[in-house]
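Now for the letters of each chain:
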Amino acid sequence: MAEKESLTYRILKNHLVSGTLSPGEKISVKVDQTLTQDATGTMAYLQFESLGVERVKTRLSVSYIDHNTLQSGFMNADDHRYLQSIATRYGIYLSRAGNGICHQVHLERFGVPGGTLLGSDSHTPTQGGIGMIAIGAGGLDVALAMAGKPFNLNAPEVIGVHLKGSLPPWVGAKDVILELLRRLTVKGGVGKVMEYFGGGVQSLSVPERAVITNMGAELGATTSIFPSDDVTKAFLRAQKRLKSWKKLPSGIKEAYHKVITLDLRDVQPLVAAPHSPDNVKTMVEVEGTPINQVCIGSCTNSSYRDLMTAAAILKGKRIHPNVGLSISPGSRQVLTMVSRNGALASLIDAGARILENACGPCIGMGFSPPSAGVSLRTFNRNFKGRSGTKDADVYLVSPAVAAASALTGEITDPRTLGKEPQIRAPRVYPINDNMIIPPAKKGKDVEIVRGPNIKPLPKGQALAGKITGEVLLKVGDNITTDHIMPAGAKILPLRSNVPAISEYVFETVDPTFPQRARQAGTGFVVGGNNYGQGSSREHAALAPMHLGVKAVITKSFARIHQANLVNFGIVPLVFVNEEDYDRVEQGDKVTLDLSRLEKGATLIKGKEKIPLTHGLGERDLAVIRAGGSLLYARKTA
Ligand code: MIC
Ligand code: SF4
């Protein structure tokens, strides 16, 4: 009975194309909307072009330019021009550089309760804050969705998160998700959707809910979702999009596979210490740590409320002389509001450096901390080296903690500041979509403009039954895609040039990797649990494929990365017995027997035979056998 289902399953059911809605079953769902950003978008659109479709088949597709906005040289600018021509040609809206971070802008202008969204960015679940089922995926999956193909996933378990009460003064939505990360860890959400319900929900505005769903990505969750209620209605009305609203309640307790209860009154200001979002500490544990830098922004915490909170704390004061403070507003709408109401002047007067409305420091695009520096960021990831400084310590905090600490030069509990400023949600947001370029009505004659850094797509290879090669690298648990394929100002401009970007694979783990892989010709990577957590970047599969990696063997995989490996024909295998991880060493010459892949595989090392398995369905196996999703899509078109 429909009313006995979770909100998650009701939306999935409305979009179900094939499969049975039961946890772990392979399902495919119709995708209403897609989003891409420029760092994953160029590759996604190169793949989309190769599918030979005339115009996108989604209800709405938006291409954002928000990551690679540094433009130190022609490469990023060429990519932006390519993206603009593609958007005009194929029926896609283009949000220009300067308009804001994809997730923030999408929330303001496009997110629709009850719809499905697939985005080539792992923080796509931000739109769960407005009641969407929004999932992050590799660019190729998004390209296929734009071509009208359904999205394939494992039906998730639905975890009901019962929110009670309301937050105490100086405690923010960021602290709520940090509390969940503390309890559940970065693996806690794998295979799950976090569905929020209960009396505490109504105390959170849509942008606050979006902070929580955004960082649900750090739990490893497939996505997170809030109900669509009167708060959602007020937000959409204020964005002049009331027509998009519909009521979608959550909270059918018997429909949840598990329920977690969180009394908001008990939440306190928290900090994720280096180098993982689940390394959560209380204020008492970290208070007084000297800091060099504070960054306020990112798709997690750069809304009007976040910037107003920081401005209210900093008003009439001066930041500590040892601290550099950056502000990157989430969108032009946010920047417009704080510039009109004087809050921007408070920030500037206090000593803030105002950066672009873009990802910026979050992805190592400028504002890196000094050597061994301590940086406090309102962002969502603090993986080692991601800030652009290898030995920096990054702490993740709320805007209140960030601003309070910017004043004192050390990690500071905002509850020491006295009365909390009251920030009212705007009744009407200033709407100005003139940085969103609509597509041409008839795109056929639009010329696609390509720069010299945009190289053709690398080709996959059909799978052989037995592969002999070297174990090129052995790594531990929770390896992120930032380890596998780092980002930052130097490497990001190479996203449309796979041969060039491949030279940086595993740079922070073992810089000799690319050279050794090329020398070996064929090889494997061995990993621990939750291999490939973090971003959706498919370059973390594409570039290893280019270097000859044929299989990755781990204790377990993160969802998006596993899908990306399949998409590029790399076999994701899992040890049947976890202890066998200890029997394989870097440098081992091994043979992988894949001849009965539907049943599993065997790793042969001398006389030893190590059994391997996988969580792949029939379609995944067919894709791998064909040499990746593109070859498979062409075969089955
Ligand atoms: C990130 O936060 O790591 C990114 C950059 O937004 C990535 C996408 C990318 O690598 O381009 C993500 O989260 O998917
Ligand atoms: Fe951009 Fe950072 Fe958000 Fe990724 S996590 S989309 S880099 S702001």
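Conventions adopted
- Residues numbered from 1 in each chain as written.
- Chains lettered and ligands numbered in written order.
- Predicted model: local features only at pLDDT ≥ 70, side-chain atom pairs only at ≥ 80, totals over all residues.
- Heavy atoms only, no water.
- Near = heavy atom within 4 Å.
- Nonpolar A, V, L, I, M, F, W, Y, C, P; charged D, E, K, R; others polar.
- Polar contact = N/O pair within 3.5 Å; in protein donor to acceptor, adjacent residues only side chain to side chain.
- Areas by Shrake-Rupley, 256 points an atom, 1.4 Å probe, with all protein chains shown as cover.
- Salt bridge = Lys/Arg side-chain N within 4 Å of Asp/Glu carboxyl O.
- Helix = DSSP H or I, 4+ residues; strand = E, 2+ residues; numbered from the N terminus.
- Axes fitted to C-alpha atoms, helices over the stretch in contact; angles between N-to-C directions.
- Parallel < 35°, antiparallel > 145°, perpendicular 65-115°, else oblique.
- Contact = heavy atoms within 4.5 Å.
- Left-handed = near helix turned anticlockwise from the far one by under 90°.
- Phe/Tyr/Trp six-rings, centres within 6.5 Å; stacked < 30°, edge-to-face > 60°.
- Buried < 20%, exposed > 50% of the residue type's maximum accessible area, 1.4 Å probe, protein only.
- Pairing = 2+ DSSP bridges.

Looking now at the site of ligand 2. Surveying the vicinity of ligand 2 reveals the residues His67, His103, Asp121, His123, Ser298, Cys299, Cys359, Cys362, Ile363, Asn380 and Arg386. Classifying every residue of the shell around ligand 2 gives four nonpolar, five polar and two charged.

With that settled, consider the site of ligand 1. In the neighbourhood of ligand 1, 14 residues make up the surrounding shell, with Asp121, Ser122, Arg495, Ser536 and Arg537 lying closest. In this structure, arginine 537 approaches ligand 1 through a side-chain N or O atom, which is 2.7 Å from an oxygen atom. Protein contacts shield 97% of the accessible area of ligand 1, which totals 340 Å² for the unbound molecule. Among the residues forming the shell around ligand 1, the class breakdown is two nonpolar, seven polar and five charged.

This brings us to the pattern of salt bridges. Applying the stated criterion across every chain yields a total of 27 salt bridges. The salt bridge partner of glutamate 254 is lysine 4, with a shortest N-O separation of 3.5 Å. Of this pair, glutamate 254 sits in the loop between helix 8 (230-238) and strand 12 (258-263) while lysine 4 sits in the segment before helix 1 (7-14), placing them 250 residues apart in sequence. Among the ionic pairs, arginine 81 bridges to aspartate 78, the shortest N-O distance being 3.6 Å. On the criterion of helical spacing, the pair formed by arginine 81 and aspartate 78 is a turn pair, its members being three residues apart in helix 3 (residues 74-90). Through salt bridges with shared partners, a single network forms among Glu54, Arg89 and Lys444.

Taken N-terminus to C-terminus, the directions of helix 7 (residues 206-214) and helix 8 make an angle of 110 degrees; their axes are 9 Å apart at the nearest point. Relative to helix 8, the element helix 7 lies roughly perpendicular. Residue-level contacts link Val206, Pro207 and Arg209 of helix 7 to Val231, Thr232 and Phe235 of helix 8.

The interhelical angle for the contact between helix 6 (residues 173-184) and helix 7, taken along N-to-C directions, is 25 degrees, at an axis separation of 8 Å. Here helix 6 is positioned roughly parallel relative to helix 7, judged by the angle of their axes. The two elements helix 6 and helix 7 meet at a crossing, and its hand is right-handed. Across the interface between the two elements, Ala173, Lys174, Val176 and Ile177 from helix 6 touch Glu208, Val211 and Ile212 from helix 7. Taken together, the residues of the contact of helix 6 with helix 7 sort by class into five nonpolar, no polar and two charged.

Scanning all chains against the criterion turns up eight aromatic pairs. When the ring of tyrosine 196 is compared with that of phenylalanine 226, the centres are 4.5 Å apart and the planes differ by 5 degrees; the resulting orientation is stacked. With a gap of 30 residues between them, tyrosine 196 in strand 10 (residues 192-197) and phenylalanine 226 in the loop between strand 11 (223-225) and helix 8 connect regions that are remote in the sequence. By relative accessible area, tyrosine 196 is classed as buried at 0%. For the pair phenylalanine 506 and phenylalanine 513, a centre-to-centre distance of 4.9 Å together with 65 degrees between the ring planes defines the contact as edge-to-face.

This next bit is on the sheet that holds strand 21 (residues 466-474). Around the barrel, which closes on itself, the seven strands sit in the order 21-22-23-24-27-26-25 with mixed pairing between neighbours. Strand after strand, the sheet turns through a mean of 40 degrees between neighbouring axes, direction not considered. Judged from the four bridges that link them, strand 21 and strand 22 (residues 523-526) form a sheet pairing that is parallel. Residue pairing in the sheet places leucine 473 in a bridge with valine 525 of strand 22. Contacting strand 21, strand 22 and strand 23 (549-554), helix 17 (residues 513-520) crosses the sheet at an angle of about 165 degrees to strand 21.

Looking now at the sheet that holds strand 1 (residues 16-18). One open sheet holds the three strands; their spatial order is 1-2-8, and the pairing between them is antiparallel. Of all strands in the sheet, those with a lone pairing partner are strand 1 and strand 8 (151-154), marking the two edges. Each adjacent strand pair in this sheet contributes to an overall mean axis angle of 45 degrees, direction not counted. Note that strand 1 and strand 2 (residues 26-29) share two bridges and pair antiparallel. Within strand 2, the residue paired with serine 18 across the bridge is serine 28.

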